[in-house]
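# Inside the fold
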Amino acid sequence: MSDLVAIVYPSEVKAEEVRQKILKLQSEYLITISDAVIAVKTGDAVKLNQLVNTTMTGAASGSFWGLLLGMVFLNPLLGVALGAGAGALSGALTDFGIRDQFMKDLASKVKSGDAVLFLLIKSMTSDKVLNAIKDAGGIVLTTSLDEKKEQHLRDTLAAATQAKAA
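Right, let's walk through the structure included here. For clarity, every value in this text was computed on a predicted model and none was experimentally measured.

Thresholds applied
- Residues numbered from 1 in each chain as written.
- Predicted model: local features only at pLDDT ≥ 70, side-chain atom pairs only at ≥ 80, totals over all residues.
- Heavy atoms only, no water.
- Axes fitted to C-alpha atoms, helices over the stretch in contact; angles between N-to-C directions.
- Helix = DSSP H or I, 4+ residues; strand = E, 2+ residues; numbered from the N terminus.
- Left-handed = near helix turned anticlockwise from the far one by under 90°.
- Contact = heavy atoms within 4.5 Å.
- Nonpolar A, V, L, I, M, F, W, Y, C, P; charged D, E, K, R; others polar.
- Core = buried A, V, L, I, M, F, W, Y, C linked by side-chain atoms within 4.5 Å.
- Buried < 20%, exposed > 50% of the residue type's maximum accessible area, 1.4 Å probe, protein only.
- Phe/Tyr/Trp six-rings, centres within 6.5 Å; stacked < 30°, edge-to-face > 60°.

### A look at the packing of helix 1 (residues 12-27) against helix 5 (residues 126-133)
Viewed as axis vectors pointing N to C, helix 1 and helix 5 meet at an angle of 145°, and their least axial separation amounts to 10 Å. Crossing handedness for the pair helix 1 and helix 5: right-handed. Facing helix 1, whose interface residues are Val18, Lys21, Ile22 and Leu25, helix 5 presents Val129, Ala132 and Ile133. Of the residues assigned to the contact of helix 1 with helix 5, the class counts are six nonpolar, no polar and one charged.

### Observations regarding the nonpolar core
Ranked by size, the top nonpolar core spans 25 residues in total, and within it Tyr9, Val18, Ile22, Ile31 and Leu153 carry the most contacts. The set of elements that each furnish at least two residues to this core consists of strand 1 (3-9), helix 1, strand 2 (31-42), strand 4 (115-124), helix 5 and helix 6 (147-165). The element that contributes the greatest number of residues to this core is strand 2, accounting for five residues. Apart from the residues lying within four places of it in its own chain, the contact partners of Leu153 are Val5, Leu130, Val140, Thr143 and Leu145.

### Description of the packing of aromatic side chains
Overall, the coordinates contain one aromatic pair when judged by the stated rule. Centroid distance Phe102 to Phe118: 6.4 Å. Interplanar angle 65°. Geometry classified as edge-to-face. One end of the pair, Phe102, is in helix 4 (residues 100-107); the other, Phe118, is in strand 4, and 16 residues separate them in sequence. Since its relative accessible area comes to 0%, Phe118 is described here as buried.

Purely geometric numbers; function is a separate question.
Listed below in structure tokens is the structure:
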């Protein structure tokens, strides 16, 4: 079972900094994530900065398969073009990890300019991960953690935010 955590940061740069720390911790086997998305609110619009660009991935795989089919029918350029288009369309319609609409709805509730880091966590070594990200601060928007873990996360991040303000 995975846990969802959404943390609000004052800027996209700060959220990206924390996401990079999380990805580094994943390479050290301290956390395993399924998805890490940054949602940025500008005005009334919400932009999602996904880890995996499904449109580009779909276009690349579609190009490959289109080239292969095009070679069979002696028209590789047409095959690449059709394959890339079909792949990009299917990639754009694919929703990987955390549901896009859920993230947009939740991020629309923060003030303009704020960024929300969404993490879908499979497993983690809580104390080491929290020590690594606590200096960045942030406000916990929502989690699916149990109450004790959620309160520990809120307290840790709030302490760092209060220390910066003082």
